[in-house]
Amino acid sequence: PVVKEIFGLANLEEKIRTAYGLCKVVVVPGDSETSPLTKKELGRAGAKALLSVMSGNDVVAVTGGTTLAEVAEHLTPPNVSLKQSWFVPARGGLGESLEIQANTIASGMAKRVGAGYRLLHVPDLLGKEAYESLVHDPNIHDIVEMIRGARIVIHGIGDAMEMARRRKLEDSVVEELQNQGALAESYGYYFDNNGVVVHKMLTLGLRLEDIMRTDHVVGIAGGKSKAKAIHAVLKFGQEDVLVTDEAAAEEIVREL
Ligand code: F6P
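Attention in this report is confined to the structure presented alongside it. (Residues numbered from 1 in each chain as written. Predicted model: local features only at pLDDT ≥ 70, side-chain atom pairs only at ≥ 80, totals over all residues. Heavy atoms only, no water.)

## Here's the deal with the overall build of the protein
Link 1 in the chain: In terms of helices and strands, the protein carries 12 helices and 11 strands.
Link 2 in the chain: The C-alpha radius of gyration of the protein comes to 17 Å, within 12% of the 18 Å expected for a compact globule of 256 residues.
Link 3 in the chain: Projected onto its principal axes, the C-alpha positions of the protein cover 55 × 50 × 30 Å.
Link 4 in the chain: Split into buried and exposed, the 256 residues of the protein put 55% on the buried side.
Link 5 in the chain: Contacts in the protein between residues far apart in sequence, at least 24 positions, make up 72% of those at least 6 positions apart.
Link 6 in the chain: Here the protein has roughly 11900 Å² of accessible surface; of this, 51% comes from carbon and sulfur atoms.
Link 7 in the chain: Taken as two groups, the 28 positive and 35 negative side-chain charges of the protein have centres that lie 4 Å from each other. (Helix = DSSP H or I, 4+ residues; strand = E, 2+ residues; numbered from the N terminus. Rg over C-alpha atoms; globule rule 2.2 N^0.38 Å. Buried < 20%, exposed > 50% of the residue type's maximum accessible area, 1.4 Å probe, protein only. Contact = heavy atoms within 4.5 Å. Areas by Shrake-Rupley, 256 points an atom, 1.4 Å probe, with all protein chains shown as cover. Lys, Arg positive; Asp, Glu negative; His and termini not counted. Charge placed at Lys NZ, Arg CZ, Asp CG, Glu CD.)

Laid out in structure tokens, this is it:
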């Protein structure tokens, strides 16, 4: 569109798309970190990107976070019926505040577009014993299987240290992450500047091997301070679609 060309956004989109070999990049004007309006635009663009890859009988795994919450807010029912589609949380999410938990977002999205949803009522971070007993519970097993077989994953991206704080990780773990050069966190995994996974959380739900099998991986994140994190996740190489903002995009392109 003309507006995008005036702002030079189309140019940013194309540079990022080719640099990381993505199918599609959408850049909205502004900085979502400082402007609530831009954050809403990011959500709107994310909602559009999600609907564009949905076919009518999909399982969509969604992560938590404030950005995904905005995506949910902006979903509107598409022309095709999504009655046969399911929204599921990518992982357990108890631990974050309710509004930004993956369960809340998955059910919110499903209700907005007339799809079904299933929830995973387990903490995001599990100890070994809890994991072992929960993974064998038949109800949990069913939903976990559904999550791991999702055709579409839509997820947020966070700065590694910021997420370590938000999740109240132990000091020793934070230090380890720092030493390993962790820059990004996404779907429970921490990535360094080369897109190498340096740490993972023991969690029920989506694993890296599932992400590698999914048809569409859609990442949504904006704000200048997330540029390094977005770069790290893109380097991992599983992303298909990136929805971001101008502030992050400019910073990413500067470093190319
Ligand atoms: O905790 C869920 C999650 O999607 C993380 O994987 C990600 O790092 C973070 O939220 C992004 O949160 P926000 O959109 O609030 O920056």
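## Examining the sheet that holds strand β4 (residues 116-117)
Link 1 in the chain: A sheet is described by the order of its strands in space; here seven strands give the open sequence β1-β11-β10-β5-β2-β3-β4, paired in parallel fashion. Each edge of the sheet is formed by a strand with only one pairing partner; in this case those strands are β1 (24-28) and β4.
Link 2 in the chain: The sheet contacts of helix α7 (residues 138-148) involve β2 (59-62) and β3 (86-89), and relative to β3 the element is tilted by about 105°. (Pairing = 2+ DSSP bridges. Axes fitted to C-alpha atoms, helices over the stretch in contact; angles between N-to-C directions.)

## Digging into the pairing of strand β9 (residues 197-200)
Link 1 in the chain: Sheet topology note: the strand β8 (residues 189-191)/β9 ladder contains three bridges and is antiparallel. Paired with phenylalanine 191 across the two strands is valine 197, which belongs to β9.
Link 2 in the chain: The turn joining β8 and β9, which pair antiparallel and follow one another in sequence, is formed by five residues; a positive phi near 80° is taken by glycine 195.

## Topic: the site of the ligand
Link 1 in the chain: Close contacts around the ligand come from 16 residues, with Thr66, Thr67, Glu96, Glu185 and Lys226 the closest.
Link 2 in the chain: Between the ligand and the protein, one listed contact pairs an oxygen atom with a side-chain N or O atom of threonine 66 at 2.5 Å.
Link 3 in the chain: Put simply, the parts of the chain that give the shell around the ligand at least two residues each are α4 (66-73), α8 (160-166) and β7 (184-186).
Link 4 in the chain: Split into classes, the residues belonging to the shell around the ligand amount to three nonpolar, eight polar and five charged. (Near = heavy atom within 4 Å. Polar contact = N/O pair within 3.5 Å; in protein donor to acceptor, adjacent residues only side chain to side chain. Nonpolar A, V, L, I, M, F, W, Y, C, P; charged D, E, K, R; others polar.)

## Quick notes on the pattern of salt bridges
Link 1 in the chain: For the coordinates displayed, the defined rule picks out 11 salt bridges.
Link 2 in the chain: Across the pair aspartate 58 and arginine 151 runs a salt bridge whose closest N-O atoms are separated by 2.7 Å. Here aspartate 58 is found in the loop between α3 (36-53) and β2, whereas its partner arginine 151 is found in the loop between α7 and β5 (152-156), with 93 residues between them in sequence.
Link 3 in the chain: Salt-bridge contacts for glutamate 185 lead to arginine 167; the nearest nitrogen and oxygen are separated by 2.8 Å. Separated by 18 residues along the polypeptide, glutamate 185 in strand β7 and arginine 167 in the loop between α8 and α9 (171-179) bring together distant segments of the chain.
Link 4 in the chain: Linked through salt bridges whose partners overlap, the residues forming this network are Arg207, Glu209, Asp210 and Arg213. (Salt bridge = Lys/Arg side-chain N within 4 Å of Asp/Glu carboxyl O.)

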